Amino acid sequence: MLKSDPNDPIVVTGMGVVSPLGVSTEVNWSRLLAGRSGVVHNDRFDTEAYGARVAGLVPGKDSDAEGFDPLVAIDAKDIKKMDLFIQYGLVAAAEAIAQSGWEPQTEDEQNATATIIGSGVGGSPVMAKSAVLVAEKGPRRMSPFTVPSFLANLAAGWISIRYGFKGPIGAPVTACAASAQAIGDGMRLLLTGEAEIAIVGGAEGSVDPLSIGGFGAARALSTDFNDAPEKASRPFDGKRDGFVLSEGAAVLVIEKLSHARARGATPLAILSGYGTSADAYHLTAGSPDGAGAQVAMRKAIDMSGLTSQDIDFVSAHSTSTPVGDAAEVAAIEAVFGGRGKTLALSALKSSTGHLLGAAGALAAVMAIKSIQNGIVPGTLNLDEPDASAAQFDLVANTAKAKALKHVLVNAFGFGGVNASLVLSAVER
């Protein structure tokens, strides 16, 4: 197993966020602590024929002063060449890169910069619209930018082109674990010396008829709270009935501490552990005992050089589905059994809905803010906690102050893919 040098750990030096709570890391953090929800009525398209009529939509500048404006990072002439997930990725990357201060000037520096941005789906809105266009008007009406606008690796591609990053490039397309695996892939590149700095994370923009319809057909989405969208995402709660499909992006800049110090960058947190595994069990459901999730969590903790007793807070993958939540709680109990209320457990998706392939990176960014501020965000809509989860400190509904040295972040996806990260405080 690759492990960081404890005297030269991998650190995070930049973070950027686009989510249903707004744009920028600080806006997301402040609204998260305030108990805001980004889940709203889905007005992206006519949902009358759909069971699920709510979604986590990134607000625009027209409705929110802290909303999304692609022009802050994208030339107007290029917007038509990219679907939403690419736009979200570029705006999140712009914030992260600016905070990190990384501006490679030489070809050696460019070649040493990796770009790994995952996506669970890619540009499904363009795919859906293009299928209708071909059926109604024929293929000659298609744009030459159609394919480049929906390919899942093009968020990474655009970021690389925009900033001249010429090192390794990749795009894990591993469902809802994609961005956590992107972070893990970036760690490996740094540890093997294939890159000196990596831009990592995920982007998703798939609130469209195809995705809502498909997840709805699988009975995965919440349908009981169409008249009260902010109550629809309720991890660990007895009334949960499915996840809320959301969109956005989160990007981090990571590098070894020695590299950060040499260029005067400020370390925000240590990225100390990563673990991944496959359930080899079922297309959409994890093993009821969370066996694969246990492996991922244990690998991440082992890589960090810690024990389960050292973890102060688990940022759960919990999407608000009865089967998924139960399996994750079983896995957490197996890994952290006996910890009881000394282990904080919270679920970001109660506030944002599920950003699919971008969810893990968003959780990682918010975990870093938790470490920096000594605060665990509350899990919204947690009114009737599951008995199995109630053994831990669930931080129901309201944020809670807690000294944090080490946080574990989970991200699991369809196909049985599991990924876990350990983030740690920087010694000052």
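Residues numbered from 1 in each chain as written. Predicted model: local features only at pLDDT ≥ 70, side-chain atom pairs only at ≥ 80, totals over all residues. Heavy atoms only, no water.

*Asks:* For this particular structure, what's the right way to read helix α11 (residues 291–304)?
*Replies:* For an α-helix, 3.6 residues make a turn, and residues three or four places apart therefore share a direction. Between the first and last C-alpha of α11 there are 20 Å, a value that for 14 residues agrees with the 20 Å anticipated at 1.5 Å per step. Of the positions making up α11, those classed as buried are Gly292, Ala293, Gln294, Ala296, Met297, Ala300, Ile301, Met303 and Ser304. Residues of α11 that are buried in the fold lie against α8 (178–192), β9 (269–278), α12 (322–336), β14 (406–413) and β15 (417–424). Note on α11: the residue one or two positions beyond its end, Gly305, has a positive phi of about 80°. (Helix = DSSP H or I, 4+ residues; strand = E, 2+ residues; numbered from the N terminus. Expected span 1.5 Å × (residues − 1). Buried < 20%, exposed > 50% of the residue type's maximum accessible area, 1.4 Å probe, protein only. Contact = heavy atoms within 4.5 Å.)

*Asks:* I tried to follow the packing of aromatic side chains on my own but got confused; where do I start?
*Replies:* Two aromatic rings, taken as a pair, are described by how far apart their centres are and by the angle between their planes. In the structure shown here, the tally under the stated rule is five aromatic pairs. Where Tyr163 meets Phe165, the ring centres are 5.5 Å apart and the plane angle is 15°; that geometry is what we call stacked. On the basis of relative accessibility, which here comes to 3%, the residue Phe165 falls in the buried class. Pairwise contacts between aromatic rings join Phe215, Phe243 and Phe414 into one cluster. Above the face of the Tyr163 ring, Arg162 is positioned so that its terminal group lies 4.7 Å from the ring centre. (Phe/Tyr/Trp six-rings, centres within 6.5 Å; stacked < 30°, edge-to-face > 60°. Lys NZ or Arg CZ within 6 Å of the ring centre and 35° of its normal.)

*Asks:* Explanation requested: the environment of Phe336 in the structure shown.
*Replies:* As for its position among the elements, Phe336 is in helix α12. Sequence-wise, Phe336 and Arg298 are 38 residues apart; in three dimensions their C-alpha atoms are separated by 10.0 Å. When residues no more than four places from it in sequence are discounted, the contact partners of Phe336 are Met297, Ile301, Ser308, Ile311, Val314, Leu343, Phe392 and Leu408.

*Asks:* Sorry if this is basic, but what is going on with the layout of surface pockets here?
*Replies:* By rolling a water-sized probe across the atoms, one finds the places where empty space is left. One number sums up the size of the largest pocket: a volume of about 590 Å³. Every residue lining the largest pocket is counted, 34 residues in all, and those nearest its centre are Thr284, Ala285, Thr321, Gly324 and Phe414. Put simply, the parts of the chain that give the lining of the largest pocket at least two residues each are α11, α12, β14 and β15. For the lining of the largest pocket, the class distribution of residues is 13 nonpolar, 16 polar and five charged. Of the volumes computed, that of the second largest pocket is approximately 430 Å³. As for the second largest pocket, its lining consists of 20 residues, of which Pro6, Pro9, Ile270, Ser424 and Ala425 are closest to the centre. (1 Å grid on protein atoms, 1.4 Å probe; cavity = no way out; pocket = protein on both sides within 12 Å on 5 of 7 lines; lining within 4 Å. Points joined across faces, edges and corners; volume = space filled by probe spheres on them. Nonpolar A, V, L, I, M, F, W, Y, C, P; charged D, E, K, R; others polar.)

*Asks:* Please clarify how the pattern of salt bridges should be interpreted in this entry.
*Replies:* Where charged atoms from two side chains of opposite charge come close, those side chains can pair. Scanning the entire structure with this criterion turns up 13 salt bridges. Between Asp325 and Arg240 there is a salt bridge, with the nearest N and O atoms lying 3.0 Å from each other. Taken together, the residues span a long stretch of sequence, with Asp325 in helix α12 and Arg240 in the loop between α9 (209–217) and β8 (248–256) at a distance of 85 residues. Comparing Asp325 with Arg240 shows no difference in burial state: the two are buried. The residue Asp393 makes a salt bridge to Lys400 at a minimum N-O spacing of 2.6 Å. The exposure class assigned to Lys400 is partly exposed, which follows from its relative accessible area of 38%. Salt bridges linked by common partners bring Lys77, Asp78 and Lys81 together as one network. (Salt bridge = Lys/Arg side-chain N within 4 Å of Asp/Glu carboxyl O.)

*Asks:* Looking at this model, I keep getting lost on helix α14 (residues 359–373). Mind explaining?
*Replies:* Taking 1.5 Å of rise per residue, 15 residues should cover 21 Å, and α14 covers 21 Å from first to last C-alpha, within 8% of that figure. Immediately downstream of α14, the backbone of Gly374 shows phi near 65°, a positive value.

*Asks:* Sorry, what's going on with the side chain of Lys349 here?
*Replies:* Within the secondary structure, Lys349 sits in helix α13 (residues 349–352). Nearest to the buried, unbridged Lys349 among oppositely charged side chains is Glu328, at 7.0 Å. Excluding residues within four positions of it along the chain, Lys349 makes contact with Ser233, Ala316, His317, Ser318, Thr319, His354 and Ala359. (Lys, Arg positive; Asp, Glu negative; His and termini not counted.)

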